Amino acid sequence: MRSKIVAGNWKMNMNLVETEALLAQLSAKMPDTKAEVMVAPTYVNLTAAKQALKASAIQVIAQNMHFAESGAYTGEISADMLLGIGVDTVIIGHSERRAYFGETDEILAKKVKAALAKNMRVMFCFGEELADRKSDNHFAIVESQLKNALFNLEASAWSKIILAYEPVWAIGTGETASAEQAQEMHAFIRTSITKAVNADVANNVSILYGGSVKPGNAVEIFSKPDVDGGLIGGAALVADDFIAIVKAI
Ligand SMILES: O=C[C@H](O)COP(=O)(O)O
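Keep in mind the model is a prediction, meaning the values are calculated, not measured.

**Student:** Any chance you could explain the UniProt feature "active site" (unreviewed entry) in the protein chain here in plain terms?
**Tutor:** Within this numbering scheme, the UniProt entry marks H94 and E166 as carrying the feature "active site" (unreviewed entry). These annotated residues cover 73 residues of sequence, and their C-alpha atoms lie no more than 8.3 Å from one another, placing them together at a single site. Of the residues named above, H94 line the largest pocket. Counting through the fold element by element, H94 comes out in the loop between β4 (89–92) and α4 (95–100). Take H94: its relative accessible area is 4%, and that puts it in the buried class. The residues contacting H94, other than those within four sequence positions of it, are N9, K11, C125, E166 and I171. For E166, a relative accessible area of 4% gives the class buried. Residues within four places of E166 in sequence aside, it is in contact with H94, C125, F126, G127, I171, G210, G211 and L231.

**Student:** Would you mind showing me how to read the sheet that holds strand β8 (residues 229–232) here?
**Tutor:** Strand pairing in a sheet takes place through backbone hydrogen bonds and is either antiparallel or parallel in direction. Here we have eight strands laid out as an open sheet, ordered β3-β2-β1-β8-β7-β6-β5-β4, and parallel in their pairing. Only two strands of the sheet have a single neighbouring strand rather than two, namely β3 (59–60) and β4. Across two bridges, the pairing between strand β2 (residues 36–40) and β3 is parallel. From the neighbouring strand, M38 faces β3, where its bridge partner is Q59. Across the sheet, helix α7 (residues 138–150) is in contact with β5 (121–126) and β6 (161–165); its angle to β5 comes to roughly 150 degrees. Most of the contacts of helix α11 (residues 239–248) go to strand β1 (residues 5–9), to which it runs at about 160 degrees, and overall it touches β1, β2 and β8.

Rules used in this analysis
- Residues numbered from 1 in each chain as written.
- Predicted model: local features only at pLDDT ≥ 70, side-chain atom pairs only at ≥ 80, totals over all residues.
- Heavy atoms only, no water.
- UniProt positions renumbered as here; feature names shortened; annotations may be inferred.
- 1 Å grid on protein atoms, 1.4 Å probe; cavity = no way out; pocket = protein on both sides within 12 Å on 5 of 7 lines; lining within 4 Å.
- Helix = DSSP H or I, 4+ residues; strand = E, 2+ residues; numbered from the N terminus.
- Buried < 20%, exposed > 50% of the residue type's maximum accessible area, 1.4 Å probe, protein only.
- Contact = heavy atoms within 4.5 Å.
- Pairing = 2+ DSSP bridges.
- Axes fitted to C-alpha atoms, helices over the stretch in contact; angles between N-to-C directions.

Below you can see the structure in the form of C-alpha cells.
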C-alpha cells in the first residue's frame, strides 16, 4: 500500500542555527499524521538535524549523493557516508541537479542503482520543462526520464522508490500545475509503470507533486487520487507553511 508523504527540500538554505531553529518549530508544532514527513537539509547539517529530531517522527533525508562507493570525487558524498549518520533516504534527479550540475539520465540511473544497492530509499525527481509542455511533448519527456533511470529495475526494487513529479516551469516560480494537470500526469505515470513493470508496482508507488505547493493550493492538489503528497521547496522553509501543507494531506 502506498504511503502519503510530505517532504521539504531545503535546497541550499539554512545554516546550522537556522536549521536547529526551524526543526525546533517543526517538531513542536507537527500534528499527528499518518503521512510520512521528511526534511532534506544541506549535507553539513544532516547530523545536527538527526540529533534535533531524535524524538520526532520527522525523517531526515539527503538532497543528493554520488554513485561511486568511495574514491577521488572531491566534494562528493557517498551512500555509505549517509548511512553512517543514519540517513537512509536520498533525493535523486532534482531538476536543479539536472540543470546546473549536468546530471544526465545516465548518471541518475547510476545513482539510483548505487542507492538501491545499499538498500536506501530513493526519491526520484523528474518533470518536463515549459517548452516540452508547450510543444505537447510533456508525456514523452516524463516517460523517457522514468524509462532511462528506473524501468530497468527489478519489480521488487520499486518498494524503495518514491516518485516526485516536478514540472520545471512550476518550481520556485509561483506558477503551480493545476490539480487537474498534476492528476493527469500522475495517472499517466501509473499507466507507464503498469506497461513497463506491472500494475501492482504502479498502484503501490507513492507519487508526489512538487512545484510551488503552498498552504493555499495543497488541499486541492492532494485531493487528487493519484497524488500521494508533495515535495515542497520554498514553503518548507517556513514552519507554519510546511505544517499547514502537512495538515492538507
Ligand atoms: O524540491 C522542491 C521543488 O523544487 C519545489 O520547489 P518550490 O516549492 O519552491 O517550487
